[in-house]
Amino acid sequence: MVQKFRAAQTTIDGLETAFLGLTGYVMPDHDLTWSFNNDRSKGKSGTAPTPPVAPK
Amino acid sequence: MPQKSGLKSLHNAASSNPIQRMGLVLDHLVAALGEDSSSPLRRAQILVDIDAHPNTTQTEVMDRLKINKSTMSREIDWLYDHGCVIRQAGQQDGRLIHMTTCGYSKKSLSFALDYADHSHKNLQKFIESLITVFANPKPTLRDAKLLVSATELGDASRQELFARAYKAPLTTNIRTLEGLVEQGLIETDSES
């Protein structure tokens, strides 16, 4: 059986806070209207795609 | 043809997943630091601060980020040696060295800022929040990327996690993963 790894809940909470900081969102008390867990199936982080290049 | 800003908006819109966005921001920060994913998050924070305050001095950065002088000098030397910042003597006081981001660092930071509503303050909050997640006092961008990947994947094998991690020798990735497990940031089943 293959050993599996997963993020701890404290990690998920910390990353949620980090993401809110990134967006500049000021979270009201107890307003956790979304969760990373709900978004897991939507995509993959992977490597950044090639940034767009301005036309010369 | 869409303008540059239009292309960036489309690029951002295609990356609407919060975890995906964080992964991309980390990728751009790594690019801004010369593709050195072993860079501490604190170094990224210093670079973002200099980008936010062109022609700033080392003392000013130290005051804003509350970083001690020895760490600061070491990190500034690293950033200068890797072409991330330029240093110029002050016109009025030659002893004052002014720093500004340049070249690939400035360009990569601009891509990272796309995800932060073009706000250096937001980008700093993001990095600062990431640093507080770790028990380790000097977390690296590689650590952060592995956490983001583990959060996105849910239950994942070591190979699946390493496929998302920054390129490094296997021993480096194993050591990074073990460190995160020891800190309680990643949980694992017992091998059977």
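Residues numbered from 1 in each chain as written. Chains lettered and ligands numbered in written order. Predicted model: local features only at pLDDT ≥ 70, side-chain atom pairs only at ≥ 80, totals over all residues. Heavy atoms only, no water.

Caption draft 1: Structural view of the overall build of chain B. Scanning chain B from terminus to terminus reveals 10 helices and 5 strands. The burial tally for chain B puts 53% of its 192 residues in the buried class. Considering only residue pairs separated by 6 or more positions, chain B has 61% of its internal contacts joining residues 24 or more positions apart. Element-wise, carbon and sulfur atoms account for 50% of the exposed surface of chain B, whose accessible area totals about 9100 Å². (Helix = DSSP H or I, 4+ residues; strand = E, 2+ residues; numbered from the N terminus. Buried < 20%, exposed > 50% of the residue type's maximum accessible area, 1.4 Å probe, protein only. Contact = heavy atoms within 4.5 Å. Areas by Shrake-Rupley, 256 points an atom, 1.4 Å probe, with all protein chains shown as cover.)

Caption draft 2: Structural view of helix α1 (residues 9-23) of chain A. The first and last C-alpha atoms of α1 of chain A sit 21 Å apart over 15 residues, in line with the 21 Å expected at 1.5 Å per residue. When α1 of chain A is considered as a whole, its buried residues turn out to be Thr 11, Ile 12, Gly 14, Leu 15, Glu 16, Ala 18, Phe 19, Leu 20, Gly 21 and Leu 22 of chain A. Close packing links the buried residues of α1 of chain A with β1 (4-7) of chain A together with α2 (18-32), α7 (120-133) and α8 (141-153) of chain B. Following α1 of chain A by one or two positions, Gly 24 of chain A has its phi on the positive side, about 80°. (Expected span 1.5 Å × (residues − 1).)

Caption draft 3: Summary view of unusual backbone geometry. Residue and element names in this part refer to chain B. One non-glycine residue, Asp 117, lies in the positive phi region at around 55°. Note on placement: Asp 117 falls in the loop between α6 (103-114) and α7. Note on Asp 117: relative accessible area 58%, which makes it exposed.

Caption draft 4: View of the sheet that holds strand β3 (residues 97-101) of chain B. All names here are of chain B. With antiparallel pairing, 3 strands are arranged side by side in an open sheet as β1-β3-β2. On the outer flanks of this sheet lie β1 (56-57) and β2 (85-89), each paired with one strand and no other. Here β1 runs beside β3; their pairing, made up of 2 bridges, is antiparallel. Following the sheet pairing, Thr 57 is matched in β3 by His 98. Sheet strands in contact with helix α3 (residues 41-52) are β1, β2 and β3, and its direction is about 100° off that of β3. (Pairing = 2+ DSSP bridges. Axes fitted to C-alpha atoms, helices over the stretch in contact; angles between N-to-C directions.)

Caption draft 5: The pairing of β3 of chain B, seen in detail. Sheet topology note: the β2 of chain B/β3 of chain B ladder contains 5 bridges and is antiparallel. When the sheet's bridge partners are listed, Arg 87 of chain B is paired in β3 of chain B with Met 99 of chain B.

Caption draft 6: Layout of the side chain of Asp 143 of chain B. When you line up the elements, Asp 143 of chain B lands in helix α8. The residues touching Asp 143 of chain B, leaving out its near neighbours within four places in the chain, are Phe 134, Asn 136, Thr 176 and Leu 180 of chain B.

Caption draft 7: Representation of the pattern of salt bridges. This model, assessed by the stated rule, comprises 11 salt bridges over all chains. Linking Glu 128 of chain B and Arg 42 of chain B is a salt bridge whose minimum nitrogen-to-oxygen distance equals 3.8 Å. Linking Glu 128 of chain B in helix α7 with Arg 42 of chain B in helix α3, this pair joins segments that are 86 residues apart in sequence. Here Glu 128 of chain B falls in the partly exposed class, since its relative accessible area comes to 33%. Overall, the relative accessible area of 29% leaves Arg 42 of chain B in the partly exposed class. Glu 152 of chain B is the salt-bridge partner of Arg 164 of chain B, the closest N and O atoms lying 3.1 Å from each other. Of this pair, Arg 164 of chain B sits in helix α9 (residues 158-164) while Glu 152 of chain B sits in helix α8, and the two are 12 residues apart along the sequence. Taking the relative accessible area as the measure of exposure, Arg 164 of chain B reaches 12% and is therefore buried. Using a relative accessible area of 3% as the deciding quantity, one classes Glu 152 of chain B as buried. Three or more residues are tied together by salt bridges with common partners; here these are Arg 6 of chain A together with Asp 155 and Asp 189 of chain B. (Salt bridge = Lys/Arg side-chain N within 4 Å of Asp/Glu carboxyl O.)

Caption draft 8: Just α8 of chain B, in detail. Between its terminal C-alpha atoms α8 of chain B stretches 18 Å, which fits the 18 Å expected from 13 residues at 1.5 Å a residue. Of all the residues in α8 of chain B, the buried ones are Leu 141, Arg 142, Asp 143, Ala 144, Lys 145, Leu 146, Leu 147, Val 148, Ser 149, Ala 150, Thr 151 and Glu 152 of chain B.

Caption draft 9: Structural detail: the sheet that holds strand β5 (residues 186-188) of chain B. What the 3 strands build is an open sheet, ordered β4(B)-β1(A)-β5(B); its pairing is antiparallel. In this open sheet, the two strands that pair with only one neighbour each are β4 (156-157) and β5 of chain B. Sheet analysis places β1 of chain A next to β4 of chain B, joined by 2 bridges and oriented antiparallel. Paired with Lys 4 of chain A across the strands is Ser 157 of chain B, a residue of β4 of chain B. Running at roughly 55° to β5 of chain B, α8 of chain B makes contact with β1 of chain A together with β4 and β5 of chain B of the sheet.

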